[in-house]
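# Tertiary structure, described
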Amino acid sequence: MPVTFLDKHNPEQFEVMGITDRDDRYSLKTKKYTLADASNYNDLNGEGGVIRVGSKYKRTYRRLLVKRVPSQ
């Protein structure tokens, strides 16, 4: 995880949902693509994230996926 995130992360405010990391060292990857998803599935499983544009998937830069925790 980026150092700039770690010193600001408040687990009471945000939950880490996933990371776009090829090695999935933290077991946070949210999807592994297969041929059923796209013909370039092997490329999609590489370093970086994936976004869907129309009916095609495209790779993006690495991302840390977080979700705001609802206030109580």
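Everything that follows concerns the structure shown earlier in this document.
As a starting point, this report considers the structure included with it. Quick caveat, the model's predicted, so the values are computed rather than measured.

Tallied over the full model, the rule gives 1 salt bridge. Here aspartate 37 makes a salt bridge to lysine 31, at a shortest N to O gap of 3.5 Å. For aspartate 37, a relative accessible area of 27% puts it in the partly exposed group.

Here the focus is the packing of aromatic side chains. Considering all chains together, one arrives at 1 aromatic pair under this definition. The side chain of lysine 31 reaches across the aromatic face of tyrosine 33, ending 5.3 Å from its centre.

With that settled, the discussion passes to the environment of tyrosine 41. Note that tyrosine 41 resides in helix α2 (residues 41-44). Using a relative accessible area of 32% as the deciding quantity, one classes tyrosine 41 as partly exposed. Contact partners of tyrosine 41, with chain neighbours within four places excluded, come to Tyr33, Thr34 and Leu35.

Criteria and cut-off values
- Residues numbered from 1 in each chain as written.
- Predicted model: local features only at pLDDT ≥ 70, side-chain atom pairs only at ≥ 80, totals over all residues.
- Heavy atoms only, no water.
- Salt bridge = Lys/Arg side-chain N within 4 Å of Asp/Glu carboxyl O.
- Buried < 20%, exposed > 50% of the residue type's maximum accessible area, 1.4 Å probe, protein only.
- Phe/Tyr/Trp six-rings, centres within 6.5 Å; stacked < 30°, edge-to-face > 60°.
- Lys NZ or Arg CZ within 6 Å of the ring centre and 35° of its normal.
- Helix = DSSP H or I, 4+ residues; strand = E, 2+ residues; numbered from the N terminus.
- Contact = heavy atoms within 4.5 Å.

None of this, on its own, says anything about what the molecule does.
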